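Next come the chains, spelled out residue by residue.
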Amino acid sequence: MDIMQQLGPIRSAGMGLTTPDWQELVAFAGASRLALEPWEHRLIKRMCAAYLREFNAGKDPFCIPPVERGFIQ
């Protein structure tokens, strides 16, 4: 989570918001001297995508906040 917040989970892309691209994630990891495994890169990308999805969903006044949703197992 800390890596995602330092990287910044969303970007403005002119026509809307998007997640950081792969090159940006690799550059961030290199500049931060993080030796991330491939699965960690994929996890960070998925976390950023989930953040953006919930960010956009939160614009709906009838959206239930994630912390108030029940967990389905």
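Everything here concerns the structure above.
Note on numbering: residues in each chain are counted from 1, in written sequence order. Confidence filtering applies because this is a predicted model: local features only for residues at pLDDT of at least 70, side-chain atom pairs given and counted only at 80 or more, and all residues used for totals across whole chains, interfaces and linings. With hydrogens and water set aside, each side-chain value is computed from the structure's full complement of heavy atoms.

**Q** Could you give an account of helix α2 (residues 22-31), with specific residues and numbers?
**A** Burial classes: relative accessible area under 20% of the type maximum marks a residue as buried, over 50% as exposed, and values in between as partly exposed (1.4 Å probe, protein chains only). Counting from the N terminus, the helices are DSSP H or I runs at least four residues long and the strands are E runs at least two residues long. Those residues of α2 that sit buried are Leu25, Phe28 and Ala29. On an axial view of α2, the arc spanned by its buried residues comes to 95°, and they lie on one face. Looking at α2, the residues exposed on the side facing more than 90 degrees away from the buried face are Gln23 and Ala31. Close packing links the buried residues of α2 with α1 (2-7) and α3 (38-57). One or two positions beyond α2, positive phi appears at Arg33, with a value near 55°. Relevant arc is that of directions from the helix axis to the C-beta atoms, nothing else. Throughout, a residue-residue contact means that at least one pair of heavy atoms, one from each residue, lies within 4.5 Å.

**Q** Go over the side chain of Lys45 with me, naming the residues and quoting the values.
**A** Mapped onto the fold, Lys45 is located in helix α3. Buried charge without a partner: Lys45 forms no salt bridge, and the closest opposite charge is Asp21, 6.6 Å away. Residues within four places of Lys45 in sequence aside, it is in contact with Thr19, Pro20, Asp21, Trp22 and Leu25. By the counting rule applied here, Lys and Arg register as positive and Asp and Glu as negative, while His and the ends of each chain are not counted. Each reported salt bridge corresponds to a side-chain nitrogen of Lys or Arg within 4 Å of a carboxyl oxygen of Asp or Glu.

**Q** Explain the pattern of salt bridges to me, using residue names and the numbers behind them.
**A** If you walk through the whole model with that rule in mind, you get one salt bridge. Salt-bridge contacts for Arg11 lead to Glu24; the nearest nitrogen and oxygen are separated by 2.7 Å. Of this pair, Arg11 sits in strand β1 (residues 11-12) while Glu24 sits in helix α2, and the two are 13 residues apart along the sequence.

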